[in-house]
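What follows is each chain in one-letter form.
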Amino acid sequence: MSSSRTFETVFPVRDYDLAATLDSGQVFRWRRKDASWTGVVGKHWVRLTSAQNAIRAQTHAPREQWDWLRAFLQTRVDLAAILETFPGDPPMRAAVAACRGLRLLRQEPWECLASFILSSTKQIVQIRQIIAQLCDRFGEPVAVPSGEPSAFAFPPAEKIAGLSESELRACKAGFRAPYLLATAVEVASGRFNLKALRTLSHERARAELMNLPGVGRKIADCVLLFACGFDSAFPVDVWVERALRRLYFSRRRVNHKKLRHFAATHFGPHAGYAQQYLFHYMRAKNGMAFHRGAEK
DNA sequence: TACCAGGAGAGCG
DNA sequence: CGCTCTCATGGT
């Protein structure tokens with residue numbers, strides 16, 4: 001049962017754009033309510049509010065320690081130091097200037113993997129809808145303060161492994177349903193060890209992930225970057241490919257492979273952060289272009 | 001209405 | 001390899 005009581009803490013932060021970070025296509029379950037964002041981390045309902053050089057966090061159950069949330073938000077990451085490592089070329093500078101404070105979160109690996117299997121050839125709005133249905137139908141309910149809409153944990157691999165393909169298709173997963181199901185079986189059975197990925201090299205971990213059904217290079221790099229802490233991972237999707245071609249290779253023919261090589265060598269040790277800035281920059285610019293009716 | 005979306009896998013030469 | 005096609009579904 002729920003009461004209106006909440007428990008809160010404050011994380012001191014600098015250069016942290018909470019809204020941009022939670023709405024940048026790396027997580028899909030956060031919703032804005034007034035000036036706050038509500039979501040579920042693990043088994044806990046969370047409300048986050050941006051303040052002056054701080055993030056205020058509220059949960060429903062009393063918490064003695066907040067390491068789990070600090071880890072998710074990555075509040076102790078020195079963003080300024082990371083931005084220093086970016087190349088100083090004009091496109092990169094423009095991308096950073098467009099959204100200083102954009103961060104990378106540290107997600108739970110299974111939720112990240114499952115989410116991005118469901119992401120392929122979908123718009124972010126639709127990815128949110130599919131994942132919301134999946135959690136509403138098959139996730140365990142989590143305690144929420146009274147007056148708040150009910151919330152559900154992300155269904156674990158063991159749960160999804162026991163579902164039928166049609167149950168997943170009912171969530172509008174489409175042709176991704178059999179991929180998610182088969183991958184859930186691999187993870188739930190223990191044949192695939194998600195937790196061990198971070199002990200491997202980037203290349204080895206990526207190769208392992210790409211053995212899973214429905215997981216190619218792009219989704220593998222998303223999991224490595226968003227969940228496993230490989231800052232060098234550089235997911236190349238249609239937006240990032242478009243960004244690289246327009247910003248760095250305008251009017252030059254480059255194939256996909258050459259583009260990936262450029263991505264792997266040009267952006268430094270925190271290339272994944274650079275990628276997220278380019279992705280956000282491109283999406284924002286395209287949005288404005290759409291309203292002007294220009295751009296292709 | 002037509003096109004496209006944070007792709008992957010299979011088939012082909 | 002590298003290219004093309006298909007897959008399911010809804011937003012714009």
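The residue numbers shown here count from 1 along each chain, following its written sequence. Chains carry letters and ligands carry numbers; both start at the beginning, A for chains and 1 for ligands, and go up in the order they are written. Local features in this predicted model are restricted to residues whose pLDDT is 70 or higher, and side-chain atom pairs enter the listing and the counts only when it is 80 or higher, whereas totals over whole chains, interfaces and linings include all residues. With hydrogens and water excluded, all non-hydrogen atoms of the structure serve as input to the side-chain values.

1. Quick look at the packing of aromatic side chains
Part 1 of the argument: Paired rings are identified among Phe, Tyr and Trp, the last through its six-membered ring, by centres lying within 6.5 Å, and are further divided according to the angle between planes into stacked (under 30 degrees), edge-to-face (over 60) and tilted (the rest). Enumeration according to the criterion identifies 10 aromatic pairs in this entry.
Part 2 of the argument: Ring geometry for Trp-30 and Phe-72: centres 5.8 Å apart, planes at 20 degrees, overall stacked. Linking Trp-30 in the loop between α1 (18-22) and β2 (31-33) with Phe-72 in helix α2 (residues 67-73), this pair joins segments that are 42 residues apart in sequence. Note on accessibility: Trp-30 and Phe-72 belong to one class, buried.
Part 3 of the argument: Ring geometry for Tyr-248 against Phe-262: centres 5.1 Å apart, planes inclined by 55 degrees, an arrangement best described as tilted. Here Tyr-248, found in helix α12 (residues 238-248), pairs with Phe-262, found in helix α13 (residues 256-266); they are 14 residues apart in sequence, far enough to count as distant. Across the pair, Phe-262 and Tyr-248 agree in class, each one buried.
Part 4 of the argument: Taken together through their ring pairs, the aromatic side chains of Phe-234, Tyr-248, Phe-249, Phe-262 and Phe-267 make up a single cluster.
Part 5 of the argument: Geometrically, a charge over a ring is one whose NZ (Lys) or CZ (Arg) sits within 6 Å of the ring centre while staying within 35 degrees of the ring normal. In this arrangement the basic side chain of Arg-176 is found over the ring face of Phe-175, its NZ or CZ atom lying 4.0 Å from the centre.
Part 6 of the argument: The side chain of Arg-242 reaches across the aromatic face of Trp-239, ending 5.0 Å from its centre. A run of DSSP states H or I qualifies as a helix once it reaches four residues; a run of E qualifies as a strand once it reaches two. Both are numbered from the N-terminal end. Here's how the labels work: a residue is buried when its accessible area is under 20% of the maximum for its type, exposed when over 50%, partly exposed in between, all with a 1.4 Å probe on protein chains only.

2. Details of the protein's contact with DNA strand B
Part 1 of the argument: We call a residue near a molecule or strand when any one of its heavy atoms sits within 4 Å of it. Contacts to DNA strand B come from 28 residues, most closely from Gly-25, Gln-123, Ile-124, Arg-242 and Gln-275.
Part 2 of the argument: A breakdown of the atoms of DNA strand B within 4 Å of the protein gives sugar and phosphate a share of 59%.
Part 3 of the argument: Think of a polar contact as two N or O atoms within 3.5 Å of one another; within protein, one of them needs to be a possible hydrogen donor and the other a possible acceptor, and neighboring residues in sequence only count if both atoms come from side chains. In this structure, a sugar or linking oxygen belonging to DNA strand B sits 3.3 Å away from a main-chain N or O atom of Gln-123.
Part 4 of the argument: Contact between DNA strand B and Gln-276: a base oxygen at 2.9 Å from a side-chain N or O atom of the residue.
Part 5 of the argument: Counting only elements with at least two residues in the surface near DNA strand B, the list comes to α11 (217-226), α12 and α14 (271-292).
Part 6 of the argument: By the convention adopted, Pro, Cys, Tyr, Trp, Phe, Met, Ile, Leu, Val and Ala count as nonpolar, Lys, Arg, Asp and Glu as charged, and the other residues, Gly among them, as polar. In terms of residue class, the surface near DNA strand B is made up of 13 nonpolar, 10 polar and 5 charged.

3. Overview of the environment of Ile-160
Part 1 of the argument: Residue placement: Ile-160 occurs in helix α7 (residues 157-161).
Part 2 of the argument: Judged by its relative accessible area of 0%, Ile-160 is buried.
Part 3 of the argument: Measuring from C-alpha to C-alpha, the distance between Ile-160 and Asp-67 comes to 28 Å, with 93 residues separating the pair along the chain.
Part 4 of the argument: For this analysis, residues touch if any pair of their heavy atoms sits within 4.5 Å. With sequence-adjacent residues up to four places away left out, Ile-160 is seen in contact with Trp-110, Leu-134, Pro-155, Leu-168, Leu-180, Leu-181 and Ala-184.

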